[in-house]
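# Structure at a glance
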2 protein chains.
Amino acid sequence: MTNHALLDSCPLYQGLSPQDKAYALSYFDAKAKQYEKGEFLHQVSFPLQRFGLVLSGTVQVYMDDIDGHHIIMNHVEPGDLFGEAYAFLGTDAPIYIRAVTEAEILWMSTARIKAPLSPAGPLDQELSNRYVACLASRTLTMNQRVQILSRNTLRMKLITFLSQYAAEKGDTFTIPFDRASMATYLGADRSALSRELSRMQAEGILTYHRNRFQILK
Amino acid sequence: MTNHALLDSCPLYQGLSPQDKAYALSYFDAKAKQYEKGEFLHQVSFPLQRFGLVLSGTVQVYMDDIDGHHIIMNHVEPGDLFGEAYAFLGTDAPIYIRAVTEAEILWMSTARIKAPLSPAGPLDQELSNRYVACLASRTLTMNQRVQILSRNTLRMKLITFLSQYAAEKGDTFTIPFDRASMATYLGADRSALSRELSRMQAEGILTYHRNRFQILK
DNA sequence: AAAAGTCCGTTGCTTTTGCAACGGACTTTT
DNA sequence: AAAAGTCCGTTGCAAAAGCAACGGACTTTT
């Protein structure tokens, strides 16, 4: 059975009554599926038929470059969506999607968005709008990512990255990355990242332990 | 009068009959406006009410970082859209939009997407789908950008950047950037970029003159 | 409890990059 | 035609960052 409590943390379902949630689940033709740690949810160069909502666990969307480096496109935690754009376009998706931990995914279809029932039910337009809003928000998220990656020193990337968390969560927060993933996410080397974090801590800019950070000034 | 020929190069209007184009223009409540070189189309922290289609000229969407560097979010040429996501969400847009050259912009509204007429005309759903497809494509474009920026050496950024053009246009192509903008787009220093390009030319990887490139291997 | 595995900080070394500054080719203005 | 402006390559130098390797703390497995 699908976890209705978690659905509330996803903008697609947020605040809907139980009946409306049930309607929404059928609107998106939602199907849950379980994955083991390390399992691939999608392989390069297949079209992505559906987009996913992470119900539990963590998922990463990434590409590989020639040197064998991963490029993290999207790091997905419970309540977050992935693949909305690919699913709508139906084009080949040159990405890997992999379960970082054991994970449960709710797979959904865009068919009703593209071809609404006629006459459309009262909720249909609302759900369509929510989906489009998610798609638009994705653009904003990626803008933030570009903002980080465009900085030309690692320190500035870090400051931008951490500021974005601080803006949302306050001075103290936990990030969903280990060091290696964080480095990949920032487009940098892990040791260079550790070194820079050390320096910034020594300079009194911040404090941290593992993936928990506190910004001091 | 709006240039109907150019509309055909925009996925929103492509292939529509003249009557359908006229309908589409009213569907999006399209209004054209002229801008001088250097003029701002939008300033930081105002909500963006409409999204734009560049009819002529060039427009850049960018942010500024603390050091006064520009971060190019979107470089927009005739036939391209900008601001689709902000316009739909109606949130504050922390960006500058500026005419790089004299430009004519077709400003459009998302009102009909959010609240379709009922009953909807036969074209309405098609136009809505086209808009959403544009939004989804934007995500893919930004993915490509992230792919470039995630690379950890300038050379790899360059190879990724140029490969993306080569994949689309073949071995020889012209890019829409001068060196300074190209460097900003790659998140790098202009002189470092020039240096790396020189090296790659010396190594026989490519040939270039100004913004025209030929990939040799 | 030992062994294996994971995560992370550290460091030496080399390469890359940013920064600042200059000059040449070319275009536009006056 | 001179002057001003723009664009771009070049270079010296200092700082930054990648790479590789090691070791310690901690967790999980056997």
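Residues numbered from 1 in each chain as written. Chains lettered and ligands numbered in written order. Predicted model: local features only at pLDDT ≥ 70, side-chain atom pairs only at ≥ 80, totals over all residues. Heavy atoms only, no water.

## A few points about the packing of aromatic side chains
All names here are of chain A. Summed over all chains, the structure comprises 30 aromatic pairs over all chains. Of the aromatic side chains, those joined through ring pairs into one cluster are Phe161, Tyr165, Phe173, Phe177, Tyr185, Tyr208 and Phe213. Against the face of Tyr185 rests Arg145, its NZ or CZ located 4.0 Å from the ring centre. (Phe/Tyr/Trp six-rings, centres within 6.5 Å; stacked < 30°, edge-to-face > 60°. Lys NZ or Arg CZ within 6 Å of the ring centre and 35° of its normal.)

## Thoughts on the protein's contact with DNA strand D
Taken together, 20 residues sit near DNA strand D, with Thr153 and Leu154 of chain A together with Arg179, Ser194 and Ser198 of chain B positioned nearest. Atoms of DNA strand D within 4 Å of the protein: sugar and phosphate make up 55%, bases the balance. Between DNA strand D and the protein, one listed contact pairs a base nitrogen with a side-chain N or O atom of Ser191 of chain A at 3.2 Å. Here a base oxygen of DNA strand D and a side-chain polar atom of Arg190 of chain B are 3.1 Å apart. Among the secondary structure elements, those contributing two or more residues to the surface near DNA strand D are α8 (190-202) of chain A together with α8 (190-202) of chain B. Classifying every residue of the surface near DNA strand D by side-chain character gives four nonpolar, seven polar and nine charged. (Near = heavy atom within 4 Å. Polar contact = N/O pair within 3.5 Å; in protein donor to acceptor, adjacent residues only side chain to side chain. Helix = DSSP H or I, 4+ residues; strand = E, 2+ residues; numbered from the N terminus. Nonpolar A, V, L, I, M, F, W, Y, C, P; charged D, E, K, R; others polar.)

## Quick notes on the domain arrangement of chain A
Residues and elements named next belong to chain A. By domain assignment, chain A separates into domain 1 (5-123) and domain 2 (151-215). For domain 1 and domain 2, the distance between their C-alpha centres works out to 28 Å. Each side of the interface is counted separately: domain 1 has six residues, and domain 2 has five residues. Each partner contributes to the roughly 410 Å² buried at the junction of domain 1 and domain 2, and carbon and sulfur atoms together form 71% of this total. Our count for the domain 1 to domain 2 interface comes out at two residue pairs in polar contact (both at pLDDT 80 or more). Among the elements that take part in the side of domain 1 that touches domain 2, strand β6 (residues 70-76) stands out by supplying four residues, more than any other. Counted by class, the side of domain 1 that touches domain 2 contains two nonpolar, three polar and one charged residues. (Domains from an automatic or database assignment. Contact = heavy atoms within 4.5 Å. Buried area = accessible area lost by both parts, 1.4 Å probe.)

## Remarks on the confidence of the model for chain A
One rule of thumb: low pLDDT means the predicted coordinates there are not for detailed reading. On average, residues of chain A score 93 in pLDDT, and 98% of them are at 70 or above. Mean pLDDT across the elements of chain A ranges from a minimum in helix α1 (residues 4-7) of chain A, with 81, to a maximum in strand β7 (residues 81-82) of chain A, with 98. (pLDDT = per-residue confidence, 0-100.)

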